[in-house]
Amino acid sequence: GNSVTQMEGPVTLSEEAFLTINCTYTATGYPSLFWYVQYPGEGLQLLLKATKADDKGSNKGFEATYRKETTSFHLEKGSVQVSDSAVYFCALSLRGGGNKLTFGTGTQLKVEL
Amino acid sequence: SAVISQKPSRDICQRGTSLTIQCQVDSQVTMMFWYRQQPGQSLTLIATANQGSEATYESGFVIDKFPISRPNLTFSTLTVSNMSPEDSSIYLCSVVAVGDSTLGYTFGSGTRLTVV
């Protein structure tokens, strides 16, 4: 079956530190990959996405590269801010699989001054 | 991308009662989904809402407990029936817009349900 594995949180960083949140996946086909962010008390927002191998998704200083050889889609940011504190979800979807999203367990990020 | 209005945003309900959650989209969408997010957990797909026909439920979810309607391309409802405290969760509507070949999913802001 399809699954997404994320590094466990919470991850606590100082402002301006480098961020990596690991995400690996298992899929029976060629998935599209997503990172969603959930700020406290809010719903999910799409942060970035990639639809094929070697694509790089980027938004708001965050980046993730679709690595087929390692089945990974790690999220990175060069310099985090307090406002980046949120829960980050890695997810995949497969065409022909009902276009349903399969989510990882989420990683809570806390950024401190 | 599509804009979703989900109502109510939160509610506190008595056990044994039912709550209907509405999802209204500002444009026609091909697919609508309902997810549940239990406290501190990830999102679990409840069902795919199909226009004019019965929803497609995921394993562990049944129509009697979570009846879903989708009368047209822009509106769907999820009912949480005969509620118990274990149903306390955030319920989220998600859509995929017509013509979005990159499968851009949009989520509503969610309904925070507390059952007492």
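None of these values were measured; they are calculated from a predicted model.

Enquirer: Would you take a moment to explain the interface of chain B and chain A for this structure?
Expert: Many structure descriptions define interface size as the accessible area lost when the parts assemble. Between chain B and chain A, the contact holds 21 residues from the first and 21 residues from the second. The contact between chain B and chain A buries some 1600 Å² in all, and 54% of this surface belongs to carbon and sulfur atoms. Here chain B and chain A share one salt bridge between them. Where A:Lys100 meets B:Glu58, a salt bridge forms, and the shortest distance between an N and an O atom there is 3.2 Å. Among the secondary structure elements, those contributing two or more residues to the side of chain B that touches chain A are β4 (29–37), β5 (43–49) and β10 (105–107) of chain B.

Enquirer: Would you mind showing me how to read the pattern of salt bridges here?
Expert: Pairs can form between side chains of opposite charge once their charged atoms are near each other. All names here are of chain A. Under the counting rule described, the total for this entry stands at five salt bridges over all chains. Linking Lys 56 and Glu 63 is a salt bridge whose minimum nitrogen-to-oxygen distance equals 3.7 Å. Judged by its relative accessible area of 52%, Lys 56 falls in the exposed class. Close ionic contact of Lys 77 with Asp 84 constitutes a salt bridge, the shortest N to O distance being 2.8 Å.

Enquirer: Please explain the environment of A:Val11 as it appears in this structure.
Expert: Residues and elements named next belong to chain A. Assignment of secondary structure puts Val 11 in strand β2 (residues 11–14). On the basis of relative accessible area, Val 11 is assigned to the buried category, the value being 13%. In contact with Val 11, other than residues within four places in its own chain, are Thr 107, Gln 108, Leu 109 and Lys 110.

Enquirer: How do you make sense of unusual backbone geometry when you look at a structure like this?
Expert: Cis geometry marks the peptide bond from A:Gly9 to A:Pro10; its omega dihedral reads -5°. Structurally, the position occupied by A:Pro10 is in the loop between β1 (3–6) and β2. The linkage connecting B:Lys7 with the following residue, B:Pro8, adopts the cis geometry, with an omega of -5°. When you line up the elements, B:Pro8 lands in the loop between β1 (4–7) and β2 (10–13). Positive phi, close to 80°, is recorded for A:Glu16, a residue that is not glycine. Mapped onto the secondary structure, A:Glu16 falls in the loop between β2 and β3 (19–21).

Enquirer: What is the right way to look at the pairing of strand β5 (residues 32–38) of chain A in this model?
Expert: Remark: a regular strand shows side chains that alternate across the two faces of the sheet. Residues and elements named next belong to chain A. Of all seven residues that make up β5, seven are buried, and the element is covered over most of its length. Side chains Ser 32, Phe 34, Tyr 36 and Gln 38 project from β5 onto one buried face, and the interleaved Leu 33, Trp 35 and Val 37 project onto a second face that is buried too. By the bridge criterion, seven bridges tie β5 to strand β10 (residues 86–93) in an arrangement that is antiparallel. What sits directly across from Val 37, in β10, is Tyr 88. The pairing of β5 with strand β6 (residues 44–50) spans six bridges and is classified as antiparallel. Bridge pairing in β6 links Tyr 36 to Leu 46.

Enquirer: What's the story with the sheet that holds strand β3 (residues 19–25) of chain B in this structure? I'm lost.
Expert: In any sheet, the strands associate via hydrogen bonds between backbone groups, in a parallel or an antiparallel arrangement. All names here are of chain B. Reading across from one edge, β1-β3-β8-β7 is the order of the four strands in this open sheet, with antiparallel pairing throughout. The sheet terminates laterally at β1 and β7 (68–72), the two strands that pair on one side only. Direction aside, neighbouring strands of the sheet carry axes that sit 15° apart on average. Looking at chain direction, β7 and strand β8 (residues 75–80) are connected through three bridges and run antiparallel. Residue pairing for β8: Asn 72 is matched across the bridge by Phe 75.

What counts and how
Residues numbered from 1 in each chain as written. Chains lettered and ligands numbered in written order. Predicted model: local features only at pLDDT ≥ 70, side-chain atom pairs only at ≥ 80, totals over all residues. Heavy atoms only, no water. Contact = heavy atoms within 4.5 Å. Buried area = accessible area lost by both parts, 1.4 Å probe. Salt bridge = Lys/Arg side-chain N within 4 Å of Asp/Glu carboxyl O. Helix = DSSP H or I, 4+ residues; strand = E, 2+ residues; numbered from the N terminus. Buried < 20%, exposed > 50% of the residue type's maximum accessible area, 1.4 Å probe, protein only. Pairing = 2+ DSSP bridges. Axes fitted to C-alpha atoms, helices over the stretch in contact; angles between N-to-C directions.

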